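# Observations on chain architecture
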Amino acid sequence: MTQWSVQWWRYPGYAFGVLSNDKSFRKNPLIGHPYLNELGLHRERVRLAAGIARNRRKFLGRSLDQAEREQFERDGFVIRENALAPDVFGRIREFLKNEPLPAREMRQGQTVTRMIPIGPQALQRLPDLAHFSNNRSIADLVRYVGGCGGDPIYYIQTVIAEPARKEADPQTALHADTFHSTSKAWLFLDDVGPEDGPFVFVPGSHKLTRERIEWEYRQSLIASNDARAHHADGSFRITPEELSKLGDYSPRKVTVPANTLVVADTYAFHSRAVSFRPTVRVELHAYHRGNPFNPLPLSGMSMIPGIKDRRLDIFLAMSDRKAKRDGRIPTWRDVGECTAYSEPHI
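The rules we used
Residues numbered from 1 in each chain as written. Predicted model: local features only at pLDDT ≥ 70, side-chain atom pairs only at ≥ 80, totals over all residues. Heavy atoms only, no water. Buried < 20%, exposed > 50% of the residue type's maximum accessible area, 1.4 Å probe, protein only. Helix = DSSP H or I, 4+ residues; strand = E, 2+ residues; numbered from the N terminus. Pairing = 2+ DSSP bridges. Axes fitted to C-alpha atoms, helices over the stretch in contact; angles between N-to-C directions. Salt bridge = Lys/Arg side-chain N within 4 Å of Asp/Glu carboxyl O.

## Section: the pairing of strand β3 (residues 111–117)
- Here β3 lies mainly inside the structure; seven of its seven residues are buried.
- With burial as the criterion, each face of β3 is covered, one bearing Thr 111, Thr 113, Met 115 and Pro 117 and the other bearing Val 112, Arg 114 and Ile 116.
- As defined by bridge partners, strand β2 (residues 101–108) adjoins β3 across five bridges and the pair is classed as antiparallel. Across the sheet, Glu 105 pairs through a bridge with Arg 114, a residue of β3.
- Hairpin connection between β2 and β3: a loop of two residues separates the two successive antiparallel strands, and Gly 109 in this loop has a positive phi of roughly 60 degrees.
- Taken together, the seven bridges between β3 and strand β4 (residues 153–161) define a ladder with antiparallel strand orientation. When the bridges of β4 are listed, Pro 117 appears paired with Tyr 155.

This is how it looks when you write it as structure tokens:
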């Protein structure tokens, strides 16, 4: 029997996924279908999403500084130094060095990423965190860079590199997060030097050039069977040799002083730098991704009363429930309470 005859009832959902931010060529047989992509399905999803994001930015960028808009249009990311008042920044950093909060951890090869949600519990313990998570200027920049309305999700992130483990971290390969503009923001709590496992970004690679769209098209024809799990799931990896054929691009290590905010469109190629010594990088983090085909510069989900600051907690609870049902360990493992600077638990 064919897959269609066995799972025909799933296809309305798969079809709906084509008009959403679904990106997996492996999990959605329509998105990953070689013939549909030969006809241009993925290519047109990319083009349409880019056009809609461009139109939404006309509204989302009205409150931004002109220099920051120009920096984004040129590079695909924005750097804002002294993002928080020095006294506020100092209190946040001191608290996070010494006070434990409920945390989750995920291991990817030699790297452990810790997540501490900035929700009602964290805000009650440290109200100063609201200077980041309820900061309109920061939120407006995150929305503009991602070309998407609504509210970002905020958390405290720690990236711990343990190079002695000799296991590859998939995030150290240059990649795009998905097929459309999305944004991530990092407000670094410490200086980040070239040897501290910094964020790596390819300036200008957020632009949908003719070479980029042709590369996207070629990947779409083979992605569903790619041995690289992230690539098959729609987070396309690119080699330095491939990148050189797309244009005059040079990956840049984003080294910055403490209290610097970096906001990037992660449709652009980026990665985490390989760490050759143990490193710990702590940041206030924001993540923003919506439906790329929503023409309006807003999102209804984040405006539901009682949901805005609890979306991450709700997502984690649902993920825990699904992992338990499937008999597996959750991707983000609950490690109890710890500080942002603690040693890893997994």
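## Section: the sheet that holds strand β11 (residues 333–338)
- Taken in spatial order, the eight strands line up as β1-β8-β5-β10-β4-β3-β2-β11 in an open sheet, and their pairing is antiparallel. Two strands bound the open sheet, and with one partner strand each, they are β1 (77–80) and β11. Looking at each pair of strands side by side, their axes are set apart by 25 degrees on average, direction ignored.
- Of the strand pairs in this sheet, strand β5 (residues 183–188) and strand β10 (residues 279–288) are connected by six bridges, and their pairing is antiparallel.

## So, the pattern of salt bridges
- In total, this model carries 28 salt bridges according to the counting rule given.
- Between Asp 190 and Arg 93 there is a salt bridge, with its nearest N and O atoms 2.4 Å apart. Of this pair, Asp 190 sits in the loop between β5 and β6 (199–201) while Arg 93 sits in helix α6 (residues 86–98); the two residues are 97 residues apart in sequence, bridging distant segments of the chain.
- When its relative accessible area of 26% is taken as the criterion, Arg 93 is described as partly exposed.
- Between Glu 167 and Arg 165 there is a salt bridge, with its nearest N and O atoms 3.4 Å apart.
- Of the residues examined, Arg 165 reaches a relative accessible area of 38% and is grouped as partly exposed.
- Counted as one network, the salt bridges with shared partners bring together Arg 136, Asp 140, Arg 143 and Asp 151.

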